[in-house]
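Working through the structure, step by step
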Amino acid sequence: MYLPQLLARAVKGEKLTVLTCYDASFARLLANNGVDVLLVGDSLGMTVQGHGSTLPVTLEHMIYHTDAVARGAADQAFIVADLPFGSYQTSPQQAFESAARLMAAGANMVKLEGGAIMLESVHFLARRGIPVCAHLGLLPQSVNATGYRAQARDAAAAAQLLQDAGDLESAGAQMLVLESIPSVLAEEVTQHLAIPTIGIGAGPHCNGQVLVLQDVLGLTPKPPRFAKDFMSGAGNMAAAISAYVGAVKTGTFPGPEHGF
Ligand code: KIV
């Protein structure tokens, strides 16, 4: 699937469903059960590799998993691949070289973390035909600076995030992940932007929702507050994925208990 088809769904007011995905079998399962976007997230550092953060994930790892997901989902789904820590932060040229390898492996879009500091790179990629998803709020690649906790909870930080969101859109970002921020702020950002916002711990007002697949399937020992185990009571994985898709599309997930 290409970006215009995906954006058309959001323009119609359809909530976009996103799940992380790291291999071909799950790519097929997710695409066959209505997931709009497969995110080859660098969360694979935790879910697949067993690390405590996303920092050890390399560009080679991301290429390997993007390639597997692309083969599994064929043309059915839209694939976003994370640029991993250290593969894009030094210059727009470095970002382009890394992004080009993910696109060649089958990604339809790349995702990178950060606000003002990323504007030049977002512009550089977008002008060269690489769709970019930005990521604001809790930035897992900056965990050593922030810890894993909700972000933008005071007025100054909220104003900065709103400014960054608008600037990223102006620079050419075509989608924005908002992670672990107050629901009211996510709502304001969503109203302020024309591009779709995808929330994770960001309340019900985003244009779409993303979760980590292992959290949805009940495989995470201590899941984050914003996650929901859709496997419980579902009977099988296909039913759990369909339940997630249904809950996001109809607006019954996330509930107030999943937000900040
Ligand atoms: O890597 C990942 O899973 C992500 C989500 C948390 C949005 O970036």
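Up top you'll find the structure we're talking about.
If you're wondering where the values come from, they're calculated on a predicted model, not measured in any experiment.

The subject of this paragraph is the site of the ligand. Taken together, T20, L39, G41, D42, S43, D82, K111, H135, E179, I200 and V212 make up all the residues around the ligand. S43 has a polar side-chain atom sitting 2.6 Å from an oxygen atom of the ligand. Out of a free accessible area of 260 Å², the ligand has 96% covered by protein chains. A breakdown of the residues in the shell around the ligand according to their chemical character gives three nonpolar, four polar and four charged.

If you walk through the whole model with that rule in mind, you get four aromatic pairs. Seen from their ring centres, F230 and F253 are 5.5 Å apart, and the 80° between their planes marks the pair as edge-to-face. Taken together, the positions of F230 in the loop between α10 (213-216) and α11 (237-250) and F253 in the segment after α11 put the pair 23 residues apart, joining distant regions of the chain. Note on F230: relative accessible area 7%, which makes it buried. Linked through ring pairs, F230, Y244 and F253 together constitute an aromatic cluster. Its guanidinium or amino end placed over the ring of F124, R128 lies 3.5 Å from that ring's centre, counting from NZ or CZ.

What follows deals with the packing of helix α4 (residues 59-73) against helix α5 (residues 92-104). Packing of α4 against α5 leaves a shortest axis separation of 8 Å and a crossing angle of 25°. The orientation of α4 with respect to α5, classified from their angle, is roughly parallel. Judged by the twist between their axes, the crossing of α4 over α5 is right-handed. On α5, the residues that touch L59, E60, M62, I63 and T66 of α4 are S98, R101 and L102.

With respect to the element layout, G147 can be found in the loop between α7 (143-146) and α8 (155-171). What makes G147 partly exposed here is its relative accessible area of 25%. G147 sits 45 residues away from L102 along the chain, and the two C-alpha atoms are 28 Å apart.

With that settled, consider the packing of α5 against helix α6 (residues 119-127). Packing of α5 against α6 brings their axes to within 9 Å, and their N-to-C directions diverge by 50°. When the axis of α5 is compared with that of α6, the two are oblique. In this structure, α5 meets α6 at a crossing whose hand is right-handed. For the pair α5 and α6, the contacting residues are P92, Q93, A95, F96 and A99 in the first and E120, S121, F124 and L125 in the second. Residues of the contact of α5 with α6, tallied by class, amount to six nonpolar, two polar and one charged.

How each quantity is defined
Residues numbered from 1 in each chain as written. Predicted model: local features only at pLDDT ≥ 70, side-chain atom pairs only at ≥ 80, totals over all residues. Heavy atoms only, no water. Near = heavy atom within 4 Å. Polar contact = N/O pair within 3.5 Å; in protein donor to acceptor, adjacent residues only side chain to side chain. Areas by Shrake-Rupley, 256 points an atom, 1.4 Å probe, with all protein chains shown as cover. Nonpolar A, V, L, I, M, F, W, Y, C, P; charged D, E, K, R; others polar. Phe/Tyr/Trp six-rings, centres within 6.5 Å; stacked < 30°, edge-to-face > 60°. Helix = DSSP H or I, 4+ residues; strand = E, 2+ residues; numbered from the N terminus. Buried < 20%, exposed > 50% of the residue type's maximum accessible area, 1.4 Å probe, protein only. Lys NZ or Arg CZ within 6 Å of the ring centre and 35° of its normal. Axes fitted to C-alpha atoms, helices over the stretch in contact; angles between N-to-C directions. Parallel < 35°, antiparallel > 145°, perpendicular 65-115°, else oblique. Left-handed = near helix turned anticlockwise from the far one by under 90°. Contact = heavy atoms within 4.5 Å.

From the geometry alone we can't say anything about function, so treat these as descriptive.
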